[in-house]
Amino acid sequence: MKEITAIIRRDKLPDTKHALDELGYPSLTIQSVDGRGKQKGAMFAEIDEDMPESFSTTVRLKPTPSTYALEHTLPKIALYVPKRMLTIVVPDNVVNKVVKSLIKVNQTGKHGDGKIFVSPIEGAVKVRTGERDGEAIA
């Protein structure tokens, strides 16, 4: 068994859930998280092409400053971008298929598309029934 943790854009969550459901893996845990990558929280997004020409082609988003940075004297406020973190446990033989699907749905080619981590799981127990390992994740 493997645990797949995917950190994705918030607006990609519905498509991601749909893709996992189509693969037969609808069970997942979702958390709202804040983080930053090499861009240190600076993000740019394209405005919808249907917007009037009086609007600029890009808009600077204002990420949330970290609470720690605001409470402490830091030379530069660290900015964090809101994301969604999904966790799913799958059998070893479908890890590549699930990861490829996550990439296909979430890849825009722009900074901030997210990250996917794959970790081994030593065991699982379904609390309600006591089923273990593969039966527990089914």
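Up top is the structure.
What counts as what
Residues numbered from 1 in each chain as written. Predicted model: local features only at pLDDT ≥ 70, side-chain atom pairs only at ≥ 80, totals over all residues. Heavy atoms only, no water. Helix = DSSP H or I, 4+ residues; strand = E, 2+ residues; numbered from the N terminus. Buried < 20%, exposed > 50% of the residue type's maximum accessible area, 1.4 Å probe, protein only. Areas by Shrake-Rupley, 256 points an atom, 1.4 Å probe, with all protein chains shown as cover. Salt bridge = Lys/Arg side-chain N within 4 Å of Asp/Glu carboxyl O. Expected span 1.5 Å × (residues − 1). Arc of directions from axis to C-beta. Polar contact = N/O pair within 3.5 Å; in protein donor to acceptor, adjacent residues only side chain to side chain. Core = buried A, V, L, I, M, F, W, Y, C linked by side-chain atoms within 4.5 Å. Contact = heavy atoms within 4.5 Å. Lys, Arg positive; Asp, Glu negative; His and termini not counted. Axes fitted to C-alpha atoms, helices over the stretch in contact; angles between N-to-C directions. Parallel < 35°, antiparallel > 145°, perpendicular 65-115°, else oblique. Left-handed = near helix turned anticlockwise from the far one by under 90°. Nonpolar A, V, L, I, M, F, W, Y, C, P; charged D, E, K, R; others polar.

**Details of the overall build of the protein**
Across its full length, the protein holds four helices and seven strands. Starting at the N terminus, the α and β elements of the protein follow one another as β-α-β-β-β-β-α-β-α-β-α. Per-residue burial for the protein yields a buried fraction of 25% across its 138 residues. Of the roughly 9,900 Å² of accessible surface on the protein, a fraction of 52% belongs to carbon and sulfur atoms.

**Describing the pattern of salt bridges**
This model, assessed by the stated rule, comprises three salt bridges. Measuring nitrogen to oxygen at the nearest pair gives 3.0 Å for the salt bridge that ties Asp 113 to Arg 9. Taken as a pair, Asp 113 in the loop between helix 3 (95-106) and strand 7 (115-120) and Arg 9 in the loop between strand 1 (2-8) and helix 1 (13-23) lie far apart in primary sequence, 104 residues in all. One exposure class covers both Asp 113 and Arg 9, and it is buried.

**Things to note about the environment of Met 85**
Relative to the assigned elements, Met 85 resides in strand 6 (residues 79-90). Between the C-alpha atom of Met 85 and that of Ser 32, which follows or precedes it by 53 residues, the distance is 6.3 Å.

**Points about helix 3**
An ideal rise of 1.5 Å per residue puts 16 Å on twelve residues; helix 3 measures up with 16 Å between its terminal C-alpha atoms. Within helix 3, burial applies to Val 95, Val 98, Val 99, Ser 101, Leu 102, Val 105 and Asn 106. Angularly, the buried residues of helix 3 cover 160° about the axis, an arc narrow enough to put them on a single face. The exposed residues of helix 3 that point more than 90 degrees off its buried face are Asn 96, Lys 100 and Lys 104.

**Looking at the side chain of Asp 113**
The buried category is assigned to Asp 113, whose relative accessible area is 16%. Of note is the side chain of Asp 113, whose polar atom sits 3.0 Å from the side chain of Arg 9. Within the local environment of Asp 113, its side chain forms a polar contact with the side chain of Thr 108, the two groups lying 2.4 Å apart.

**Some thoughts on helix 1**
Of all the residues in helix 1, the buried ones are Leu 13, Thr 16, Ala 19 and Leu 20. Buried positions in helix 1, seen along its axis, are confined to an arc of 125° and lie on one side of it. In helix 1, the exposed positions that point more than 90 degrees away from the buried face belong to Pro 14 and Glu 22. Just downstream of helix 1 lies Gly 24, where phi reads positive at about 95°.

**A few points about the nonpolar core**
The nonpolar side chains of a soluble globular protein tend to be buried with one another. Counting residues in each nonpolar core, the largest one holds 13 residues, and the members touching the most others are Ile 4, Leu 20, Val 90, Val 98 and Leu 102. Each residue touching Leu 20, except ones within four places of it in the same chain, is listed here: Tyr 25, Pro 26, Leu 28, Leu 86, Ile 88, Val 98 and Leu 102.

**Quick word on the side chain of Lys 12**
Here Lys 12 shows up in the loop between strand 1 and helix 1. Buried and unpaired, Lys 12 has no salt bridge, with Asp 15 as the nearest side chain of opposite charge at 5.0 Å. Setting aside residues up to four positions removed in sequence, Lys 12 forms contacts with Val 105, Asn 106 and Thr 108.

**Overview of the packing of helix 1 against helix 3**
The contact between helix 1 and helix 3 brings their axes to 9 Å, and the two run at 150°. Classified by the angle between their axes, helix 1 and helix 3 sit roughly antiparallel to one another. The element helix 1 and its partner helix 3 pack so that their crossing is right-handed. Touching Asp 15, Thr 16, Ala 19, Leu 20 and Leu 23 of helix 1 are Lys 97, Val 98, Ser 101, Leu 102, Val 105 and Asn 106, all from helix 3. Grouping the amino acids of the contact of helix 1 with helix 3 by side-chain chemistry returns six nonpolar, three polar and two charged.

Functional significance is not addressed by these values, which are geometric in nature.
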